[in-house]
Amino acid sequence: MIFLDYSLYLCTDKELMSSATLEESVTDAILGGVTCVQLREKNCSSLQFYNEAKTIQEITQAHHVPLIINDRLDIALAVNADGLHVGQDDLPAHKARELLGPNKILGVSVRTSKEAIAAEKAGADYLGVGAMFSTSTKTDAQIVSKEELQRIRESVNIPLILIGGMNKQTIPEFLNYDIQGFAVVSAIISAPNVKLAAQELKSLIDHK
């Protein structure tokens, strides 16, 4: 079991960036307090994804922040990333764990306690729970109720990271829950000042 600081977990999305480059966006986010970076690329070739992963990995390694690749096991293995994140429609978690080996981070997206239990049994190190709110980054996402979140928390012993509409207004609703992190997309990378946006969220989370 790999336990890390998941408190402010950045998911990238180039289409939402306020910065000129992905490198600038990720660097500023880390300088602002991001503790974990997930590289998520849905609309690019394998070569582009690989090259971006190598570039971003240089930044994350320089700042001692783990890099997790979304969905693409091949890219995660090719760049020797710190971990992989899979959804319910991606490579099965048990197979991902088998191919990743025991020393890499494996995150799994879940919406129900049943999915959470299965993911933990399959070898997940943490669970991405959501969407907690509707969000422009995933318009078809199923919303997870706070009651179901509580059931998930009672069902598993691994860290939970909330995703889906996480920002300065919504994060405070969950600061009293047994949650280990918040995954943020647009509230950081779409902000006019990425570093400042990350700093404000990290301060909010750290003072819970």
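Scroll up to find the structure this text is about.
Keep in mind the model is a prediction, meaning the values are calculated, not measured.

## What to know about the packing of helix 5 (residues 113-122) against helix 6 (residues 146-155)
- Between helix 5 and helix 6, whose axes approach to 8 Å, the crossing angle comes to 25°. Relative to helix 6, the element helix 5 lies roughly parallel. Read as a crossing pair, helix 5 and helix 6 show a hand that is right-handed. Here helix 5 contributes Ser-113, Ala-116, Ile-117 and Glu-120 to the contact with helix 6, which in turn contributes Glu-148, Arg-151, Ile-152 and Ser-155.
- Along the lines of polarity and charge, the residues of the contact of helix 5 with helix 6 split into 3 nonpolar, 2 polar and 3 charged.

## Some details on helix 5
- Those residues of helix 5 not exposed but buried are Ser-113, Glu-115, Ala-116, Ala-119 and Ala-122.
- Where the residues of helix 5 are buried, they touch helix 4 (93-100), strand 5 (105-110), strand 6 (126-130) and helix 6.

## Notes on the state of the cysteines
- Counted according to the given criterion, the structure contains 0 disulfides.
- A disulfide-free cysteine, Cys-11 has its sulfur positioned 8.7 Å from the sulfur of Cys-36, the nearest such atom.
- Its relative accessible area of 1% is what places Cys-11 among the buried residues.
- There is no disulfide at Cys-44, and the cysteine sulfur nearest it, in Cys-11, is 15 Å away.

## What to know about the pairing of strand 6
- Of all 5 residues making up strand 6, 5 are buried, and the element is well covered by its neighbours.
- Because side chains alternate across strand 6, one face comprises the buried residues Tyr-126, Gly-128 and Gly-130, and the other comprises Leu-127 and Val-129, equally buried.
- By the bridge criterion, 4 bridges tie strand 5 to strand 6 in an arrangement that is parallel. When the bridges of strand 6 are listed, Val-108 appears paired with Leu-127.
- Where the polypeptide runs from strand 5 across helix 5 and back to strand 6, its parallel neighbour, the crossover connection is right-handed.

## Topic: the environment of Ile-30
- Looking at where Ile-30 falls in the secondary structure, it is placed in helix 1 (residues 22-32).
- For Ile-30, a relative accessible area of 9% translates into the label buried.
- Residues Ile-30 and Gln-199 lie 169 residues apart in sequence; the distance between their C-alpha atoms is 9.3 Å.

## With respect to the side chain of Asn-70
- With respect to the secondary-structure elements, Asn-70 resides in strand 3 (residues 67-70).
- Setting aside its immediate chain neighbours within four residues, Asn-70 contacts Gln-38, Leu-39, Arg-40, Lys-42, Phe-49 and His-85.

## Digging into the sheet that holds strand 4 (residues 83-86)
- Here 8 strands make up a closed barrel; going around it, the order is 1-2-3-4-5-6-7-8 and the pairing parallel. Ignoring which end each strand starts from, the neighbouring axes of this sheet average 25° apart.
- Two strands pair when backbone bridges link them, and strand 2 (residues 36-39) and strand 3 are joined in this way by 3 bridges, in the parallel orientation. Bridge pairing links Gln-38 to Ile-68 in strand 3.
- Sitting on the sheet, helix 4 is in contact with strand 4 and strand 5, with an inclination near 170° to strand 5.

## Some details on the environment of Asn-193
- Among the secondary structure elements, Asn-193 is positioned in the loop between helix 7 (186-189) and helix 8 (194-206).
- Asn-193 sits 124 residues away from Ile-69 along the chain, and the two C-alpha atoms are 25 Å apart.
- A distance of 2.9 Å separates a polar side-chain atom of Asn-193 from the backbone nitrogen of Leu-196.

Procedures and definitions
- Residues numbered from 1 in each chain as written.
- Predicted model: local features only at pLDDT ≥ 70, side-chain atom pairs only at ≥ 80, totals over all residues.
- Heavy atoms only, no water.
- Axes fitted to C-alpha atoms, helices over the stretch in contact; angles between N-to-C directions.
- Helix = DSSP H or I, 4+ residues; strand = E, 2+ residues; numbered from the N terminus.
- Parallel < 35°, antiparallel > 145°, perpendicular 65-115°, else oblique.
- Left-handed = near helix turned anticlockwise from the far one by under 90°.
- Contact = heavy atoms within 4.5 Å.
- Nonpolar A, V, L, I, M, F, W, Y, C, P; charged D, E, K, R; others polar.
- Buried < 20%, exposed > 50% of the residue type's maximum accessible area, 1.4 Å probe, protein only.
- Disulfide = S-S within 2.5 Å.
- Pairing = 2+ DSSP bridges.
- Right-handed = clockwise from strand over helix to strand, strands pointing away.
- Polar contact = N/O pair within 3.5 Å; in protein donor to acceptor, adjacent residues only side chain to side chain.

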